[in-house]
Amino acid sequence: MSENAANLPEELQLITEAHVKYIQSLDTRKDDYEYWLTEHLRLNGLYWGLTALHILGHPGALPRDETIDFVLSCQHENGGFGAAPGHDAHMLSTVSAVQILAMVDAFDELQARGKGNGRAQVGSYIADLQNRQTGTFAGDEWGEHDTRFLYGALNALSLLGLLHLVDVDKAVEHIAACANFDGGYGSGPGAESHAAQIFTCVAALSIAGRKDLIDIDRLGRWLSERQVGRGGLNGRPEKKEDSCYSWWVLSSLEMIGKTHWIDRDSLVAFILSCQDLQGGGIADRPGDMVDVWHTVFSITGLSLLGYPGLQPVDAVYCLPKSTVQRVLG
């Protein structure tokens, strides 16, 4: 889509200001029961909201200093980050912390005010979660393994300039073992292909420089078949469409150069139909309740589709391209 957003028909308008206000309001709802039920997602939620704001072109909509203070308050002595102050350190919240600090250009704050040796302490925490025999990564000290954690490790370590701390070749071997006959990837060897797991594997292979292992045509066919009647995408066969797969499917198609294999206009129309036109935010499907998860992955999907007025998103890191270019050069 190349035309100016103001020239689009009303049903194809992204209500940017409402989405910005919705995201800004999320940390003001501390009297709501739901606010405390989602405390285990607090740091992830900040990453989701901040990413959406950057892609919407409002990077300063959340206060930078308070953002940095909150992130650093979640760090443990071992270098890992918990979901909120007092929560156990976990790979996923650690990755979110690194991504947030990258977006707000605060790695110097991590070095100056973080636990131990700053970046090195974070890198050591992540590296210690790798099983050097299998190449897999655990989410935390309790040992659950999943390709989400492997991707997160390579994402964060590459942003920190510390990818050498882990055995990338072993990690790549594990991803290759997760490949299925349909071209997709599962959470582990033999697991069903799923769009979100495919993203983690394709993005990890991209960071490792091993996209040569991907069966591009077969994977592209599986991903393009995720588009269903209303134009939306699902995560696996026989499931309903869901706006968040606008990111998980489309980012993988972008990485393998096959975004033209889906109907882009109908996907844009589906995403925009999921907006709350009064309160802002985007839901999984039209008429459902909005949340920040579906909001960010719908907006990043629109960015990949070239929706006018949005900042470009990096398909590998799910960060603004400007952030990735500044950090990685």
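Procedures and definitions
- Every chain's residues receive numbers from 1 upward, in the order its sequence appears when written.
- Restriction of local features to residues with pLDDT of at least 70 applies here, the model being predicted, together with a cutoff of 80 or more for giving and counting side-chain atom pairs; totals for whole chains, interfaces and linings are based on all residues.
- Excluding hydrogens and water, the side-chain figures rest on all heavy atoms present in the structure.
- UniProt positions are given in the numbering used here, feature names are shortened, and annotations may be inferred rather than shown by experiment.
- A pair of Phe, Tyr and Trp rings is counted when the ring centres sit within 6.5 Å of each other, with Trp represented by its six-membered ring. The angle between the planes then sorts it: under 30 degrees is stacked, over 60 is edge-to-face, the rest tilted.
- Secondary structure elements follow DSSP: runs of H or I of four or more residues count as helices, runs of E of two or more count as strands, with numbering from the N terminus.
- Classification of residues uses two cut-offs on accessible area relative to the type maximum, computed with a 1.4 Å probe and protein chains only: under 20% is buried, over 50% is exposed, and between them is partly exposed.
- Contact criterion: two residues are considered in contact whenever any of their non-hydrogen atoms come within 4.5 Å of each other.

Going by an unreviewed UniProt entry, the protein carries the name Geranylgeranyl transferase type-2 subunit beta and comes from Cercophora newfieldiana. The Function (unreviewed entry) comment attached to the protein in UniProt states, word for word, "Catalyzes the transfer of a geranylgeranyl moiety from geranylgeranyl diphosphate to both cysteines of proteins with the C-terminal sequence -XXCC, -XCXC and -CCXX." Quoted straight from UniProt, the Sequence similarities (unreviewed entry) entry for the protein says "Belongs to the protein prenyltransferase subunit beta family."

Chemist: So what about the packing of aromatic side chains? Which residues, and what values?
Modeler: For the structure shown, the criterion picks out 7 aromatic pairs. Ring geometry for Phe199 versus Trp248: centroids 5.3 Å apart, planes at 65°, classification edge-to-face. With Phe199 in helix 10 (residues 195-208) and Trp248 in helix 12 (residues 245-255), this pair connects stretches of sequence that are 49 residues apart. Residues Phe199 and Trp248 agree in their burial class; the two are buried. A connected cluster of aromatic rings, assembled from ring pairs, spans Trp48, Tyr151, Phe199, Trp247, Trp248, Trp293 and Phe297.

Chemist: Before we move on, could you go through unusual backbone geometry and cite the residues and values that matter?
Modeler: Among all residues save glycine, negative phi is the norm, and among peptide bonds the norm is trans. One non-glycine residue, Glu238, lies in positive phi territory at about 70°. With respect to the helices and strands, Glu238 occurs in the loop between helix 11 (216-224) and helix 12. For Glu238, a relative accessible area of 79% puts it in the exposed group. The phi dihedral of Cys318 is positive, around 50°, even though this residue is not glycine. If you trace the backbone, Cys318 turns up in the loop between strand 3 (313-314) and strand 4 (319-320).

Chemist: Let's hear about the environment of Pro59: which residues, and what values?
Modeler: Among the structural elements, Pro59 can be located in the loop between helix 3 (42-55) and helix 4 (64-73). Using a relative accessible area of 44% as the deciding quantity, one classes Pro59 as partly exposed. Distance in space between the C-alpha atoms of Pro59 and Val20 is 10.0 Å, their sequence separation being 39 residues. Excluding anything up to four places from it in sequence, Pro59 contacts Leu50, Leu53 and His54.

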